[in-house]
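Each chain is listed here by its residues.
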Amino acid sequence: IPEDQADKLLLASWGLPKAVLEKYHSLGVVQMFEWQAECLMLGQVLEGKNLVYSAPTSAGKTLVAELLILKRVLETRKKALLVLPFVSVAKEKKCYLQ
């Protein structure tokens, strides 16, 4: 990430509501990794274009997807579908995102 865009590592830089930021902060998530911010800055991803990315288990892929989904839902007031691999993960995300 170029130095002039270092603020993009902070979750607060992505236009999320205060309540969402507070929830992430309560979980210890205040900023993201450089690769996560780079994903969000690619092309027209924030305008709804496709994004394919790969990272090892527990690297933070879900955060990228959550931020894209949250921004899209809040901006368009439409629903989103989040597909998860396990029932336990789906239940965890349901509670977390409510």
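Residues numbered from 1 in each chain as written. Predicted model: local features only at pLDDT ≥ 70, side-chain atom pairs only at ≥ 80, totals over all residues. Heavy atoms only, no water.

1. Digging into unusual backbone geometry
Keep in mind that most residues, glycine aside, have a negative phi and that most peptide bonds are trans. The condition that has to hold: The secondary structure listing takes helices from DSSP runs of H or I that are at least 4 residues long and strands from runs of E that are at least 2 residues long, numbered from the N terminus.
Of note in the backbone geometry, Ser58 takes a positive phi value of approximately 65 degrees without being a glycine. The residue Ser58 is located in the loop between α2 (34-41) and α3 (61-76) in this model. Although it is not a glycine, Arg77 sits at a positive phi angle of roughly 60 degrees. Within the secondary structure, Arg77 is located in the loop between α3 and α4 (87-97).

2. What about the pattern of salt bridges?
Operational definition: Between Lys or Arg on one side and Asp or Glu on the other, a salt bridge is scored when a side-chain nitrogen of the former is within 4 Å of a carboxyl oxygen of the latter. Between buried and exposed lies partly exposed: a residue is buried under 20% and exposed over 50% of the maximum accessible area for its type, with that area taken using a 1.4 Å probe on protein chains only.
By the definition in use, this model includes three salt bridges. Linking Glu22 and Lys18 is a salt bridge whose minimum nitrogen-to-oxygen distance equals 3.9 Å. Of the two residues, Glu22 and Lys18 both sit in helix α1 (residues 18-26), four residues apart, roughly one turn of that helix. What makes Glu22 partly exposed here is its relative accessible area of 44%. By relative accessible area, Lys18 is classed as exposed at 63%. Ionic pairing is found between Glu75 and Lys71, a salt bridge with its closest N-O pair at 3.0 Å. In this pair, Glu75 and Lys71 are both assigned in helix α3, four residues apart and thus about one turn of the helix distant. Among the residues examined, Glu75 registers a relative accessible area of 52% and is labelled exposed. A residue is classified by how much of its surface remains accessible, and Lys71, at 14% relative accessible area, is buried.

3. So, the UniProt feature "domain: DEAD/DEAH-box helicase" (unreviewed entry) in the chain
Put simply, the rule reads: UniProt positions are given in the numbering used here, feature names are shortened, and annotations may be inferred rather than shown by experiment.
With numbering matched to this structure, UniProt assigns "domain: DEAD/DEAH-box helicase" (unreviewed entry) to residues 43-92. As annotated, residues 43-92 comprises 44% helix and 0% strand, and the C-alpha atoms at either end are separated by 31 Å.

4. Some points on the side chain of Lys93
Just so we agree on the cut-off: We call two residues in contact when some of their heavy atoms are within 4.5 Å.
Counting through the fold element by element, Lys93 comes out in helix α4. Discounting residues that sit within four places of it in the chain, Lys93 has contacts with Thr62, Glu66 and Leu84.

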